[in-house]
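Listed below, chain by chain, are the residues.
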Amino acid sequence: MVALSSSEVINTISKCVNKENRIIICFDPENDFPSEKEDFKTRLDQINEFIVFHKDLESCLKFIQSIENEQIFLVTSGSDVSQMVNCDQIDSIFIYSIRQEQYKHFLVQYPQIIGIYDDIDLLCSAIREEINRMDEKLQTWCFWNEDEHLQHDLSKQANPFLWLQLLHDVILHLPHDHQSKQQLFDTCRTYYRNNSKELLMIDEFERKYQSKDALHWYWNNSFLKKIITKSLQTENSLQLYALRYFLYDLVNSFNNEHHNLIQLKKEKFIVYQEMSLSNKELNRLKDKQGALVSMKTFFNAKTVYSSNTITPSIGMKLLRLQIECNLEEKLSFAEIPHINEILFNLNSTFRIDNLEEINEQTWLLKMTTVNDGQMIKQKYIDDTLRQIENLSISILFGKLLCDMSQWKQSQTYFEYIRNDLPNEDLACIDYDVGHALHWQGKWIEAEKYYQRAYDRLIQSEPSRIKESSHILSNISELQELQGKYDQAYDIQQQAFTIRKNYYPSDHIHIASSLDNIGLIYYQQLKNDEALLFLRQALTIRQKYYHHQHVEIANRKFDEGIEKYHLALSIQEKTYPLGHSDTVITLTNIGHILKDERKYDDALLYYQRALIMLENFYTSDHLKIAAALAHIGRVYYSQGKYDEALDNQQRTFAIKEKYYPPDHIQFAAELARIGDIFEKQENYTEALEVQKRALAIQEKTYPSDNINIAHSLGRIGIVLSNQGRYQQALEYHQRAMKIYENCYSPEHIELATCLNNTGSVLYHLGKYEEAYQLHEQALKLYQKRYLTDHIDMTNTLEHIGNILYDEKKYDNALEYYHRALIIKEKFYSSDHTYIATSLSNIGNVLYNQEKYDQAFDYQQRALKILEKHSTSDYMKIGNNLNDIGNIRNSQGKYDEAVDYYQRALVCYDKYSLIRHADIATTLSNLSNTLYKQEKYDDAFEYQRRASEIREIYCPTAYISSANSFNHMGNIRAAQGKHDEAIILYQQALAVHENNSTGRYADMAIIFTNISRSLTDQSKFDQAFEYQQCALEMRERHYPSAQMNIANYLIDMGNIRSDQGKHQDALNLYKRALEIAENCCSLSDAFIATNLSNIGKALYQLGQDDEALEYQQRALEIRETYHSMNSASIANSLNDIGNIRNSQNKYEDAITYYQRALLFYEKHSAIHQIDIATTMSNISDTLFKQEKYDEAFDYQQRALDIREDHCSANSINLIKDLNRMGQIRNTQGKYSDAVECYQRSLAMYEKYYPVRYTEISIILSLIGSNLSHQGKYDESLTYYKRALEIQEEFYPSDHIQIALFLQWIGFIYCTKLDFDHAIEFYEKCLWIRQVNLPSEHLSIAETFSLLSKVRLTRGQYELSIINELAALAIREKVFVPDHEDIGKSLSRIGDCYNYLIKLDLALEYYKRALNFYEQCLPIWHPDRWNLEWMIEQIAEEIQENQLHEINI
């Protein structure tokens, strides 16, 4: 080992500590300080080494707020002083300004302000005086409860009081040589390197110093007093080590002076001192009656009383000290000549006898000098040596530093004494350096030093086997910390074996080994084995210590809370003012209460422990951090996440002062902070923090350490909450591999990972895989616990969730009920966990459409929550949401809205972080309003939900996609399909861009796009999207056959809408085949499929077969689902339609009337179905030509819809159109026009983009007006219809041809033949472009043109047109079709007008031949044609005779 030079020692010290324990900050924004700033700074430098100047207020405040431990003296010109006084870090403020009157009122207003000065000398004097007061403040006092050492083993004590006592002896033990002397001078020069005045004094010190003059140099030279006082107050052991040469002399001087004083003074005498205290410090002192105290300084007092030597600042109290000194005690102090003061030695100890109030501002504290400090020190040494033999005072001091959490100082101190004390035990030093590194989390380095220490012990002569057990035990602990439990166990067993050979069976080291082995078993979750070893250790401790010793109290953690209360009573009796062991028991009671979920009680015990710790330790002590963490975890369990986060962050901040940033301690703290962020739905922060924790663990532990698995699981949970299920799955699978490596296949800890992985697979829609994992977890629990255990409930509910989503409601209900039964055994009937199970059961019943039962369960859950979880507004809000969903499904929309609004109050008013729940509730409100056809309101609520998710839940991709999807549904319901499709596409983009893995949701969106396209009659595109939905289902969820069947039905519906009923039939039959394989033949889904097939056959005209399928569907519904009256009524309606088609109108009406009876029994929720059935009856009566009755039923249907539908319901329009059709058929054209006009007004107001429907209604109005002879009005409507068609469709769109034909007909009726021909020719062109050349519509247009041209006398053109019509008709029609006869007849007419009688006669005869086959003999067309043939034949004969005569 290379020796450290003096300069190296000093550099090490400089890196460890700041130069001063106080800072003077000069704030001078307006340059009011003296112009000779350097001289001003030099004057202040002479008072304090650390001076900082600031001009900018903001930067100055930031600097002040960054300071944690130093005292701050602020010198300011007065500017902005009102903003500075609120900084808690500032201890004292000095105003340096010539404008004293301007700031005088501040002296009364702000107690921190010491004074206002216009002279630099007065300012410097005031600062010096305040520094002296600060040095005398209570914070330099170290307390000890007087009786503690009488009953307590002190070997584990670590506090400043012991440090001071031991420091005194160590100083005398350290070498007093040339090297230490040179370090003294070098250290002083480094410390004052910027202070020329002090450097000159140090030069003189080096030249003149002699050991006998130590007291003189300390008292009369500020540089020595300052550096020593600073080092003592900050417990800077390394700097004190560097000053050891002078301290050795100073301590010896006290001993010499004390000997002289004994000869000169009487046995007892009184000394005095005064100091100022704050009210807080005074209150603390009041609690210290009977306590011992030592000062972290060489304390001075006056031998002659002099009152009011100091004047307390505003808000401070004057404390007078009266100390009785007993020379018979081993007291060490020195008298300072000429000034009537004495200086107490470093280890001087005083007992507080009494504190009494003299007046409102003054208190008297009486103390007595005692030698208890030396007794306590000796007991500490004896108790330590009782466990570890042959330790020197130097080694003991280094161990104490480590126990005080001053690990770096301890490590460096041992390095120093390794070089400076050649006779020290090197094995012991290596061990203690390893121990300090061990606590710093530098485990690899620590193990190296432990190994070196072990090698030294084994290689020594003779081998020190006995001592090696302590090193092996610590190496084992390192292995345990790294998760290497098998290695830890083996090494600990090795240590245990040694100890059994060298120590008696009841020795405390045997107990330690048993403890350590038990804890290794505990880490491996082998609780039974752990308990066996821990109980053996406890038995030894009970024998080793007194039965009521606090060590016994601390170890009874396995015997339940009763034993802890017994321990607490022992401790409170022994230590009425509190003790660190009492803290442990309070904490352990808190642990048990927390595990029992008695959070309020647990919090009280944890807070009592914290209050006690705050009396023992500084606010940044590690034990304070641990107490804060315990409190934070209770708040977390209570759902008070803000409070939990505050405590956890305070814990983290304290630990940052002790550990490097990558220390393993931070992994656990980060993980807990991440858990809180996750509960606050702050998933981005949660993920970042959890990944930081994982990075630390992966750096520290081997790759298969179980703690890494825990972090991987936490990250997986956060990713799952973000909807990033695929990534979450990868993390859980990595965790699972570690679990499988670390644990046996039957280890209970595997259940947690199985459940986490299963949950992600569930969200990915992989229900079968998820189910298997949860079943595995359940089997582990069932093997671990002989009966149902509370730990099983989470797994049971996971399985229930899967079955629920698979619509296996009966099975889901079984698991939820089982979870409820277990909870009812473990908890009271009104426990909030019971509410969760009740809610789960309610949700299943809701989906089974057992709404009343579901409502009862949810109400029971709500009652519990409102009674016992009044502050858990999230759960109450969720429950209100569920009840709203039930009322929504019952059609009780107003009640549903009320429940949703109450849920919003819970989320919005009391739980502002519940943005996701607020968004969900807004979505539910939207869906209810959607059902009420209040589309604009529905869209606005859904838009708000989407906006909240975008701002506050940007990673809630699935919910965002759902919002877009719902908005699309609303726009689709409004007929705004282009907008709807854009919104659906946005929903798809969210899924695709964020790889949500929610293929089932994407399939639904494809289906919605398909439906919008279907409504736009874009059937082929619609079918393609539905095909995509089906393929996605088949690819990702092949086992979910029933869902696949549903998509086949949707595809069948599209083909049905296209009129491709055979294709629809094939798809429906595929769906039925799947259903019959997956379901019982009595399943409602089978009935639905049978009904669909029946409808397709009905459309194909196969009425008998259709009737057979519909009757099968009806039979299933009546037999097995008799409670579902709606589905039975639907079947009756469908059968009625078939009977209607078969012209069996009375049967049809009978079925319709039966359907009405079912609907009217539940009229509250089936008013719309009643209206539909009345429309069907109306249609049947219409076919029976019972027009007035038909109109009445249709009017009743309209009245119902007007009462129960929104004003923009499309069904209102359909009713009006049917009524218009009835009146049109009755020839009541004016009434028909009125109905169509109302229909048109609604279309134009609510569905202006439904261009096709609007144009048809316009044409129907035009048709009815033309029947009234109102041709001009009729033409106006027809042209409006045509304009719409031409605007929104291509100029050659086939639909336009029909409107052109109608307009042509009106012009023809008006005898405006030119316009008629113009429109007919446009119609013909479009039809020839779009239709096959032999299409009958083309023939019809040719025939219409022929007719107009015949009327105009354009006979040749008329013949051309009619011949074209004839050619098509002869190819398409059967040979005896009437229209062929009509074409032949018209051609005959043309030839007749052209006086080509032979050709006319030929065509007439051909026409008659067709008429004779298809028209009755009395038909006028046949009769007229026979007459024409007779007339032309006679005329031809006459012409022939005339030609013969000529």
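All figures in this text were calculated on a predicted structure; none of them were measured in a lab.

What counts, and where the lines are drawn
Residues numbered from 1 in each chain as written. Predicted model: local features only at pLDDT ≥ 70, side-chain atom pairs only at ≥ 80, totals over all residues. Heavy atoms only, no water. Helix = DSSP H or I, 4+ residues; strand = E, 2+ residues; numbered from the N terminus. Rg over C-alpha atoms; globule rule 2.2 N^0.38 Å. Areas by Shrake-Rupley, 256 points an atom, 1.4 Å probe, with all protein chains shown as cover. Lys, Arg positive; Asp, Glu negative; His and termini not counted. Charge placed at Lys NZ, Arg CZ, Asp CG, Glu CD. Contact = heavy atoms within 4.5 Å. Expected span 1.5 Å × (residues − 1). Buried < 20%, exposed > 50% of the residue type's maximum accessible area, 1.4 Å probe, protein only. Pairing = 2+ DSSP bridges. Axes fitted to C-alpha atoms, helices over the stretch in contact; angles between N-to-C directions. Core = buried A, V, L, I, M, F, W, Y, C linked by side-chain atoms within 4.5 Å. Phe/Tyr/Trp six-rings, centres within 6.5 Å; stacked < 30°, edge-to-face > 60°. Lys NZ or Arg CZ within 6 Å of the ring centre and 35° of its normal. Patch = residues over 30% accessible without salt bridge, like charges linked within 9 Å, V, L, I, M, F, W, Y side chains within 5 Å. Salt bridge = Lys/Arg side-chain N within 4 Å of Asp/Glu carboxyl O.

**Quick look at the overall build of the protein chain**
A tally of helices and strands in the protein chain yields 68 helices and 14 strands. Computed over C-alpha atoms, the radius of gyration of the protein chain comes to 50 Å, more than 25% over the 35 Å expected from 2.2 N^0.38 for 1446 residues, which places it beyond the range of a compact globule. Of the roughly 64900 Å² of accessible surface on the protein chain, a fraction of 47% belongs to carbon and sulfur atoms. Positive and negative charge centroids in the protein chain, built from 151 and 203 side chains respectively, lie 4 Å apart.

**A word on the environment of Gln 89**
Counting through the fold element by element, Gln 89 comes out in the loop between α4 (81-84) and β4 (90-96). Separated by 1349 residues in the primary sequence, Gln 89 and Glu 1438 place their C-alpha atoms 136 Å from one another. What Gln 89 contacts, discounting residues up to four positions off in sequence, is Ile 64, Gln 65, Ile 67 and Ile 72.

**Some thoughts on helix α35 (residues 725-742)**
Compared with the 26 Å implied by 1.5 Å per residue over 18 residues, the 25 Å span of α35 between its first and last C-alpha is a close match. All of the buried residues in α35 are Tyr 725, Ala 728, Leu 729, Tyr 731, His 732, Ala 735, Met 736, Ile 738 and Tyr 739. Buried residues along α35 sit against α33 (683-700), α34 (706-721), α36 (750-763) and α46 (957-973).

**What to know about the sheet that holds strand β1 (residues 22-27)**
Spatially, β2-β1-β3-β4-β5 is the arrangement adopted by the five strands of the open sheet, whose pairing is parallel. For this open sheet the edge positions go to β2 (51-54) and β5 (113-117), each flanked by a neighbour on one side alone. Recorded for the sheet is a direction-independent mean angle of 20 degrees between the axes of neighbouring strands. Pairing between β4 and β5: four bridges, direction parallel. Note that in β5 the partner of Ile 93 across the bridge is Ile 113. Seen against the sheet, helix α3 (residues 57-66) touches β1, β2, β3 (71-76) and β4 and runs at an angle of roughly 170 degrees to β1.

**Here's the deal with the nonpolar core**
Membership of the largest hydrophobic core comes to 211 residues, with the highest contact counts inside it found for Trp 163, Phe 205, Ile 228, Leu 232, Phe 246, Phe 298 and Tyr 413. Among the elements that take part in this core, helix α29 (residues 599-616) stands out by supplying nine residues, more than any other. Beyond its immediate sequence surroundings of up to four residues, Trp 163 is in contact with Ser 231, Leu 232, Glu 235, Ser 237, Leu 240, Lys 296, Phe 397, Leu 400, Leu 401 and Met 404. Grouped together as the second largest cluster of nonpolar side chains are 134 residues, Ile 1005, Ala 1022, Leu 1097 and Ala 1232 included.

**Brief notes about the pairing of β1**
If a strand is regular, its side chains alternate between the two faces of the sheet. With six of six residues buried, β1 is to be regarded as a mostly interior element. Side-chain alternation along β1 places Arg 22, Ile 24 and Cys 26 on one buried face and Ile 23, Ile 25 and Phe 27 on a second face that is also buried. Across six bridges, β1 lies against β3 in parallel orientation. Bridge pairing in β3 places Ile 25 opposite Leu 74.

**A word on the environment of Asn 474**
Within the fold, Asn 474 resides in helix α22 (residues 465-481). On the basis of relative accessible area, Asn 474 is assigned to the buried category, the value being 10%. Asn 474 sits eleven residues away from Ser 463 along the chain, and the two C-alpha atoms are 19 Å apart. Those residues within four positions of Asn 474 in sequence are excluded, and the remaining contacts are Tyr 431, His 435, His 438 and Tyr 450.

**A look at the pairing of strand β8 (residues 292-295)**
Side chains of β8 alternate between two faces, with Leu 292 and Ser 294 and Val 293 and Met 295 buried alike. Across four bridges, the pairing between strand β6 (residues 141-144) and β8 is antiparallel. Residue pairing across strands places Phe 143 opposite Val 293, the latter belonging to β8. Taken together, the two bridges between β8 and strand β13 (residues 349-359) define a ladder with antiparallel strand orientation. Bridge assignment links Val 293 to a residue of β13, and that residue is Phe 350.

**Quick look at the packing of aromatic side chains**
The relative placement of two aromatic rings is captured by the distance of their centres and the angle of their planes. Applying the stated criterion across every chain, the model contains 38 aromatic pairs. With centroids separated by 6.0 Å and ring planes inclined at 25 degrees, the aromatic side chains of Phe 299 and Phe 344 adopt a geometry described as stacked. Note that Phe 299 is positioned in the loop between β8 and β9 (300-302) and Phe 344 in strand β12 (residues 341-344), a separation of 45 residues in sequence. Residue Phe 299 is classed as buried on the basis of its relative accessible area of 8%. For Lys 500, the ring lying beneath its charged end belongs to Phe 496, and the centroid distance is 4.4 Å.

**Describing a negative patch on the surface**
Taken together, the side chains of Glu 1430, Glu 1434, Glu 1435 and Glu 1438 define an acidic patch exposed on the protein surface. The residue Glu 1438 is located in helix α68 (residues 1420-1445) in this model.

**Here we look at unusual backbone geometry**
Along the chain, Glu 461 connects to Pro 462 via a cis peptide bond; the corresponding omega equals -5 degrees. Checked against the element boundaries, Pro 462 lands in the loop between α21 (443-459) and α22. Even without being a glycine, Glu 933 presents a positive backbone phi close to 60 degrees. Turning to its location among the elements, Glu 933 is positioned in the loop between α44 (915-931) and α45 (935-952).

**Some words on the pattern of salt bridges**
Across all of its chains, the model carries 60 salt bridges by this definition. A salt bridge links Arg 464 to Glu 467; its shortest N-O distance comes to 2.8 Å. Judged by relative accessible area, which is 30%, Glu 467 ranks as partly exposed. Salt-bridge contacts for Glu 1334 lead to Lys 1371; the nearest nitrogen and oxygen are separated by 3.3 Å. Here the residue Glu 1334 occupies a position in the loop between α63 (1313-1330) and α64 (1336-1352), and Lys 1371 occupies one in helix α65 (residues 1355-1372), the gap between them amounting to 37 residues. By relative accessible area, which is 39% here, Glu 1334 ends up partly exposed. It is possible to trace a salt-bridge network through shared partners that takes in Glu 415, Arg 418, Asp 430, Arg 452 and Arg 456.

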